[in-house]
Amino acid sequence: MSGLLVFILRALLAATLYVFLGWALLMLWREVKQQATLLAMKKAPSILLTVTQPDHEPRMQHFNTAEIVIGRHSTCECHVNDDSVSAYHARLHFHHGQWWLEDLKSKNGTMLNGEKVTLPTVIVSGDEIRCGETSLMVTIGSDTPATTTSASDAHEND
């Protein structure tokens, strides 16, 4: 009789353990989904680049993505037709709630407000980025004017 009682107690303990593990996994899954939803809602603010090139009219490019590559190559989000700009010259990316500028080991370097960028640097509205002979004026988020050219429209104009 005591053997049967021990078996029943072991079975109840095992069932209780599996119920607890199932509950813990369910709570973890809900937490992960909640965090993913919060991160998805915390998107990068839009950014407007006013691109000024020698012998060209200034153009505005509006972006809603968290990463923008500036360069001569046709796959760059901010395509620049300037021989003094590298194929992949610089990168803007949104990280830790801020926009950052990073030089991609370009031949002529990247300047931010007249100073050479050697490390990823935080940028704000009103900053001027210079890649070769091309100047890009930065406007971030709510400072962005309503009349802008989308990135795809600006890409078609090149």
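Scroll up a little and you will see the structure.
The structure contained in this document is the topic of the report that follows. Given the structure is predicted, the values throughout are model-derived calculations rather than measurements. (Residues numbered from 1 in each chain as written. Predicted model: local features only at pLDDT ≥ 70, side-chain atom pairs only at ≥ 80, totals over all residues. Heavy atoms only, no water.)

Attention shifts here to the packing of aromatic side chains. Across all of its chains, the model carries 2 aromatic pairs by this definition. On the numbers, 6.1 Å between centres and 35° between planes, the contact of Phe20 with Trp23 is tilted. A residue pair is termed a helical-turn pair when its members lie 3 or 4 positions apart in one helix, as Phe20 and Trp23 do in helix H1 (residues 2–41) at 3 residues. A relative accessible area of 49% places Trp23 in the partly exposed class. (Phe/Tyr/Trp six-rings, centres within 6.5 Å; stacked < 30°, edge-to-face > 60°. Helix = DSSP H or I, 4+ residues; strand = E, 2+ residues; numbered from the N terminus. Buried < 20%, exposed > 50% of the residue type's maximum accessible area, 1.4 Å probe, protein only.)

What follows is about the pairing of strand S2 (residues 59–63). Counting buried residues along S2, 4 of its 5 residues qualify, which places the element largely inside the surrounding structure. Two elements, strand S1 (residues 47–52) and S2, share 5 bridges in a ladder whose sense is antiparallel. Bridge assignment links Leu48 to a residue of S2, and that residue is His62. Counting the residues that bridge the hairpin from S1 to S2 gives 6 residues, and of these Asp55 lies at a positive phi of roughly 60°. (Pairing = 2+ DSSP bridges.)

Inspection of the entire model under this criterion finds 3 salt bridges. One salt bridge in this structure joins Glu67 and Arg91, with 2.7 Å as the shortest N-O distance. Highlighted residues: Glu67 in strand S3 (residues 67–71) and Arg91 in strand S5 (residues 90–95), separated in sequence by 24 residues. According to the relative accessible area criterion, Glu67 is partly exposed, its value standing at 38%. (Salt bridge = Lys/Arg side-chain N within 4 Å of Asp/Glu carboxyl O.)

Time to look at the sheet that holds strand S6 (residues 98–103). Spatial ordering of the open sheet is given by S4-S3-S5-S6-S9, a layout of 5 strands whose pairing is mixed. Both outer strands of the open sheet, strand S4 (78–79) and strand S9 (121–123), are each paired with one neighbouring strand and no more. Direction of pairing for S6 relative to S9: antiparallel, over a ladder of 3 bridges. When the sheet's bridge partners are listed, Leu101 is paired in S9 with Thr121.

What follows deals with the sheet that holds strand S7 (residues 110–112). With antiparallel pairing, 6 strands are arranged side by side in an open sheet as S2-S1-S11-S10-S7-S8. The strands lining the two open edges of the sheet, one partner per strand, are S2 and strand S8 (115–116). Judged from the 6 bridges that link them, S1 and strand S11 (residues 134–140) form a sheet pairing that is antiparallel. Along S11, the bridge assignment pairs Leu49 with Val138.

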